[in-house]
Amino acid sequence: MSRHLLLSFRFLAPWFHGRGDEAEPEWPPSPLRAFQALVAAAARAGTLAEVRPALSWIEAQPPPLVVAPEATVSTAGYRLSVPHNAMDVVGRQWVRGAEGNAAEHRAMKNVRPHRLPDDAVVHFAWPLVDGGNEPAAARLIATSRQVVALGWGIDLVAGDGAVIEGGRLAELRSSPMKTWEPRSDGTCLLRTPVSGTLGDLERRHEAFLARTSLAEPTLRPPPALSAFAMTQYGRTDEAPRRPVAAFTLMHPTADRMRAFELATRSMAVSGMVRHAVRLTTENAGWSEERVRTTVLGHGENSAPRLLLVPIPSIEPRTRGGATVTEVRRVLVFSTDERSPEIAWLARALGGAELVDEKSGKPLAVLATASRGDRGFSRFLAEATTWATVTPVVLPGLDDPGGIRARLRQRPSAADQRSLLARLGRRREGLVRKALRHAGFTDELVFEAQIEFRETGFLAGVDRAARFAVPKHLTGFPRLHVRITWPRPVGGPLCIGRGRFSGLGLFASL
Amino acid sequence: MSEAKFEAWLSDSGALPAAVVLREYLTPVEGKDGVFFPPTFAAAENSRDFPGGYNIDTFSDGRNVCLIDSVGSQANRIEPMFAEAEYAGLVPQIVIEAGERRISLLEAGHRAGDAIVRCSELQQQLKDAFVALKAGNAVPLAKLAPTSLVFGVWDSRDTQAKAPRLLAASIRAWDVDRLTRSAQYNPAIEYVEEGLLEETEDKDALKAYSERGFRHVPASATHGGVIARGDIRREVTLQLAALRLLRGSTPDETKALREYLLGLALVAFTRPAVGYLRQGCNLVLDGERSPESKLVYPNGKRDDAGVTHHAALEFAKAAAKRFGVGENRTVKFDAKLAKDETTGEAKKKAKKAKK
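Rules used in this analysis
- Residues numbered from 1 in each chain as written.
- Chains lettered and ligands numbered in written order.
- Predicted model: local features only at pLDDT ≥ 70, side-chain atom pairs only at ≥ 80, totals over all residues.
- Heavy atoms only, no water.
- Axes fitted to C-alpha atoms, helices over the stretch in contact; angles between N-to-C directions.
- Helix = DSSP H or I, 4+ residues; strand = E, 2+ residues; numbered from the N terminus.
- Parallel < 35°, antiparallel > 145°, perpendicular 65-115°, else oblique.
- Contact = heavy atoms within 4.5 Å.
- Buried < 20%, exposed > 50% of the residue type's maximum accessible area, 1.4 Å probe, protein only.
- Patch = residues over 30% accessible without salt bridge, like charges linked within 9 Å, V, L, I, M, F, W, Y side chains within 5 Å.
- Areas by Shrake-Rupley, 256 points an atom, 1.4 Å probe, with all protein chains shown as cover.
- Salt bridge = Lys/Arg side-chain N within 4 Å of Asp/Glu carboxyl O.
- Lys, Arg positive; Asp, Glu negative; His and termini not counted.
- Charge placed at Lys NZ, Arg CZ, Asp CG, Glu CD.
- Pairing = 2+ DSSP bridges.
- Buried area = accessible area lost by both parts, 1.4 Å probe.
- Polar contact = N/O pair within 3.5 Å; in protein donor to acceptor, adjacent residues only side chain to side chain.
- Nonpolar A, V, L, I, M, F, W, Y, C, P; charged D, E, K, R; others polar.

K.L.:
For the packing of helix H7 (residues 262-283) of chain A against helix H9 (residues 341-348) of chain A, give the residues involved together with the corresponding values.
P.N.:
All names here are of chain A. Two elements in contact, H7 and H9, have axes whose closest approach is 11 Å; the angle formed by their N-to-C orientations is 100 degrees. Between H7 and H9, the angle is such that the two are roughly perpendicular. Together, Val277, Thr280 and Thr281 of H7 and Trp344, Leu345 and Ala348 of H9 make up the contact between the two elements.

K.L.:
How would you sum up helix H8 (residues 288-295) of chain A? Please name residues and give values.
P.N.:
Every buried residue of H8(A) is accounted for by Val291(A), Thr293(A), Thr294(A) and Val295(A). Just past H8(A), the residue Gly297(A) takes up positive phi, approximately 80 degrees.

K.L.:
I'd like a rundown of a negative patch on the surface, residues and numbers included.
P.N.:
Residues Glu190(B), Glu193(B), Glu194(B), Glu199(B) and Glu201(B) make up a contiguous surface patch of negative charge. On the secondary structure map, Glu201(B) appears in the loop between strand E9 (176-185) and helix H7 (203-211).

K.L.:
So what's going on with the sheet that holds strand E4 (residues 72-73) of chain A? Which residues, and what values?
P.N.:
Residue and element names in this part refer to chain A. Read from one edge of the open sheet, three strands run E2-E7-E4, paired in antiparallel fashion. Whereas interior strands pair on both sides, the edge strands pair on one side only; in this sheet they are strand E2 (15-16) and E4. Taken together, the two bridges between E2 and strand E7 (residues 114-115) define a ladder with antiparallel strand orientation. Bridge pairing in E7 places Trp15 opposite Arg115.

K.L.:
Break down the pattern of salt bridges for me, citing the residues and quoting the values.
P.N.:
Evaluated as defined, the whole model comprises 60 salt bridges over all chains. A salt bridge links Glu97(B) to Lys332(B); the nearest nitrogen and oxygen atoms lie 2.6 Å apart. With a gap of 235 residues between them, Glu97(B) in strand E4 (residues 94-98) and Lys332(B) in strand E16 (residues 329-332) connect regions that are remote in the sequence. Taking the relative accessible area as the measure of exposure, Lys332(B) reaches 47% and is therefore partly exposed. The partner of Arg118(B) in a salt bridge is Asp155(B), and the shortest N-O contact between them spans 2.9 Å. Taken together, the residues Arg118(B) in helix H3 (residues 115-118) and Asp155(B) in the loop between strand E6 (153-154) and strand E7 (162-163) connect sequence positions 37 residues apart. Take Arg118(B) and Asp155(B): they sit in the same class, and that class is buried. What you see here is one network of salt bridges that share partners, running through Asp118(A), Arg23(B), Asp231(B), Arg233(B), Glu235(B) and Arg289(B).

K.L.:
I'd like to hear about the pairing of strand E8 (residues 121-127) of chain A, residue by residue, with values.
P.N.:
All names here are of chain A. Of all seven residues making up E8, six are buried, and the element is well covered by its neighbours. Pairing geometry for strand E1 (residues 3-11) and E8, over seven bridges, is antiparallel. Note that in E8 the partner of Leu6 across the bridge is Ala125.

K.L.:
Give me the lowdown on the interface of chain A and chain B, citing residues and values where you can.
P.N.:
Contacts between the two partners involve 53 residues from chain A, matched on the other side by 63 residues from chain B. Between chain A and chain B lies a buried interface of about 5,200 Å² when both sides are counted; carbon and sulfur atoms form 59% of it. Of the charged contacts, one joins Asp119(A) and Arg302(B) as a salt bridge, the two residues approaching to 3.1 Å between their closest N and O atoms. On inspection of chain A and its partner chain B, the count reaches 21 residue pairs in polar contact (both at pLDDT 80 or more). Every element with two or more residues in the side of chain A that touches chain B is listed here: helix H1 (31-45), strand E5 (78-83), helix H3 (87-95), strand E6 (106-111), strand E9 (157-165) and helix H6 (197-209) of chain A. In terms of residue count, the dominant contributor to the side of chain A that touches chain B is H3(A) (eight residues). Class assignment for the residues of the side of chain A that touches chain B results in 24 nonpolar, 15 polar and 14 charged.

It is worth stressing that arrangement in space is one thing and function is another; only the former is reported here.
In structure tokens, the structure reads:
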């Protein structure tokens, strides 16, 4: 039976003001924040020396599970005007008989808390392997009860701890609580302590105490904490995010991005990427069969295949809205949602040249990027509504019965409506077929509300007919599509024939 | 609630409560559907991030919550109560004289760490008190500025000693309807028509006329207050775990210190800091709904606390007597100890301008 050290912090008011990196509101609270609260509690209680071995033990443990309720970040936020501690300046003015205005010595402080449910509690659970360290656990439990705040000083908490069995942990994790676990595809980056964090905190504290004084007023800001890890966390109730290899297209001889026109050149970009992937995988010793099926797509339909997808920029406009522009990035991912090859490709393809087939000259270089790069956000988001930036090539003929020919014969209005409806149903059926081919579940295929047309649903997207497609797909109809689901679906989203080259690519709305 | 029960919250062992929480239900003096005015906040340069105005958060289920008084603002309202006749004997009354001005330490923004008092005759005593606090002895600071330990303090200009707040309160209103209002300023007479001012088309002159009240000025769709369809709640938390971290130099001193600070905190906790918050915002207790106070334990258990202001005050007086309240002092601000109001940069600019 598994056992865990559980440290819990119950918020006494339903607000959390803590911020993560780049001063963004943080939720759940990071394990580093909990560690710092324990250190502060021990220091304030005068027991740091006794608790040190326990703190050193826990900082060296793997990152814990975080169990917490959902929280909502404030939509509005507000700014507080807080006084600088400079009333001595005003006092001098008063002593001289001058006016002296305290209001001139204020700073603005941004506040954007998370709203929590009433009586919200956050649990941090570390597995106790091979019995763990019972004395350390006991010390930490006692210290957790001395923790005063988690987050800002106004985020008062009641701390507690216990060693619990796996069954109890399962109870704590049940709805409505959510669990965040360390995961390589997690998108929630949280700071976690490592060996050396305690020492770094103590050094920072010493530097903080020496930052300034009345005797020596020069301000010496303490150095930022550096001994910690950024751990990727993912929610256990969310489907694992498909791994992707993300790249920016750079000019081969200048330090700037390389852009390609979306409608006419994205197929060429995909082709060049495929060539680069082929070379890289062959050089890495992939078998001919594996390259043929996985990279080139020749072979069994069930074998995993790579999708090599040129990504256009979506740029905001000054009057609101956004417009789709040129291809400046590439995503590589697999039909196998758990493919271990993608992480390797992200490293191996960095620096690869994209060579023009005709001239043999390099037109761009792949620079490894982060999936968190803003340029990918609309393609990797979770959203209920998606619209194509490249048209979907339907997996079949939409008019085998010659409906268009009959429409050209100018039928009656009623016949026209009937024929158009049949054409529409046929097309909708093909889009659903494309979703099925792309691996969507029957439920999601059935629930999709589908709209389609020749022109794009996003500003800047060309008519479907204008897009270059491989020769073998020219006979198939292509349309722009907008799909709405009743609940969010995660990207990347690419469907239809030619999806392995970036046709049928959707952006979230 | 007996004195013994309060004291039981302070020992170092047993099943001790982590905090006491209080929820009070408020209503505008105009009545439950009365219009009242929340604070307005400044907008940021990027108004999409911080639009300013009222702070009203809307949730996905359509509910909203409006901030009426922040934690800092509530603390600034509560702390000066200890200068009132009924409570003044519980804490030392420290007043700083700077020129013709007199500032009570209870009103200083940074409390015992405020530069106005750190640059006074009390500088060394306060420095010694903060140094003692860092070393784990809060008694010297409690003798000088006990409310700094209740509401939190940071000696940011000198020793960097910090004590977290024991008490946090805020007021929020639920499910508010935001109102706007318009107004028109009309001058007492028509200055131009009466020949008292020149008629002009010059924009700068017209602006000057408006600024001085000589022209009609409309103000439309400005903030017009809110009506709360849900509760208006004041939530107060007294952090007992934080109080139990404060110590003296002996066990007896520690006991006396903690009881003294608990008494002050309970008095502040139980006296409603409501009434006139700002123009157009006068909130009182809702007579139809009793306040709820609970003891919160580390494991989440909640018991009725049953704390009354009368019991808190009696406890506080007895505890203050046992601890020994510090002496009242009026001290002079020492300009020689203060920072020059012109910074190095400003001095350079002034010198350059002279050339």
